Amino acid sequence: MRVLRTLEVWKLGVVNYLDALKLQEKLVLDRKSHIRCDTLLSLQHPPTYTVGKRQTVHNLLIPQSDLEQIGAELHYTQRGGDITFHGPHQAILYPIISLRDMGLGARSFVEKIELTMIELAALYGVKACPGQTGETGVWVAERKIGAIGVRISSGITSHGMAFNIDPDLTYFRYIVPCGITDKEVTSLRRETNVVLPAEEIIQEQLITCFARIFGYSNLIWKEDASIFSDKNEIE
């Protein structure tokens, strides 16, 4: 008999990076304590650079004092991976899920995240694939379209994936994206001749791909207003 696996999907809109980080930390603790089921955060951030736990801030190519001039922030995190950029017109998913309950290892988890973004790209006729050895994320030929940076604590995941729908790619010029010096960053807008639907639709398609690949058969959708009107959800 097939197990009905439930995923609660929180659609948050645009969220400041530190607020999203605090929310993830709370949800991870709740998931470890079995207070909450697997949860997926769907959101976007204002222009933000983040550095992983290796603290490779040398891959930021402008002085930190100049970030305000370009309207961006810099934050240090405990996720894996190198420096990356988050901003408007990216589809970001942060899964707070139990790998132990699914019987998944870290490598399989990352591979499924890759496949999630690959399937989304395929919906628009874009052939994407995982990176070569040492190249994280998802690529269209030599151009990176999706970034991955995850943290796993006691079998519970946080952070996740960022798929470029149509972000301002000039922000990537100020960093060495993911520490790879000789490759470009691209977007779905650049890689397809198809007229793209509203970004909310693309974000929901990404969620649908994620749910199918990870085997969730029961999705509970929660909108921004319903989440933050209940203070108990985030305090």
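Residues numbered from 1 in each chain as written. Predicted model: local features only at pLDDT ≥ 70, side-chain atom pairs only at ≥ 80, totals over all residues. Heavy atoms only, no water.

(A) Region of interest: helix α1 (residues 17–32). For α1, with 16 residues, the first-to-last C-alpha span of 23 Å sits near the 22 Å given by 1.5 Å per residue. Listed in full, the buried residues belonging to α1 are Tyr 17, Ala 20, Leu 21, Leu 23, Gln 24, Leu 27, Val 28, Asp 30 and Arg 31. One side-chain oxygen of the residue at the start of α1 lies 2.9 Å from the amide nitrogen of Leu 18, identifying that residue as Asn 16. Looking one or two residues beyond α1, the residue adopting positive phi is His 34, at roughly 65°. (Helix = DSSP H or I, 4+ residues; strand = E, 2+ residues; numbered from the N terminus. Expected span 1.5 Å × (residues − 1). Buried < 20%, exposed > 50% of the residue type's maximum accessible area, 1.4 Å probe, protein only. Polar contact = N/O pair within 3.5 Å; in protein donor to acceptor, adjacent residues only side chain to side chain.)

(B) Region of the structure containing the side chain of Lys 144. Structurally, Lys 144 can be placed in strand β9 (residues 143–153). According to the relative accessible area criterion, Lys 144 is buried, its value standing at 6%.

(C) Fine view of the environment of Gly 52. Looking at the element boundaries, Gly 52 is found in the loop between β3 (48–51) and β4 (73–76). C-alpha separation for the pair Gly 52 and Val 150, spaced 98 residues apart in sequence, amounts to 9.3 Å.

(D) Region of the structure containing the sheet that holds β4. If you walk across this open sheet you meet the three strands as β4-β3-β5, and the pairing is mixed. What marks the edges here is a single partner per strand, and that holds for β4 and β5 (84–86). Pairs of neighbouring strands in the sheet enclose a mean axial angle of 30°, with direction left out of account. Pairing of β3 with β4, which is carried by four bridges, proceeds in the parallel orientation. Counterpart to Val 51 in the pairing with β4 is Tyr 76. (Pairing = 2+ DSSP bridges. Axes fitted to C-alpha atoms, helices over the stretch in contact; angles between N-to-C directions.)

(E) Layout of the packing of helix α3 (residues 106–123) against helix α5 (residues 199–214). At a minimum axis distance of 9 Å, the contact between α3 and α5 shows a crossing angle of 135°. When the axis of α3 is compared with that of α5, the two are oblique. With respect to the hand of their crossing, α3 and α5 are arranged in right-handed fashion. Touching Phe 109, Lys 112, Ile 113, Leu 115, Thr 116, Met 117, Glu 119, Leu 120 and Leu 123 of α3 are Ile 202, Gln 205, Leu 206, Cys 209, Phe 210, Arg 212, Ile 213 and Phe 214, all from α5. Tallied by class, the residues present in the contact of α3 with α5 amount to twelve nonpolar, two polar and three charged. (Parallel < 35°, antiparallel > 145°, perpendicular 65-115°, else oblique. Left-handed = near helix turned anticlockwise from the far one by under 90°. Contact = heavy atoms within 4.5 Å. Nonpolar A, V, L, I, M, F, W, Y, C, P; charged D, E, K, R; others polar.)

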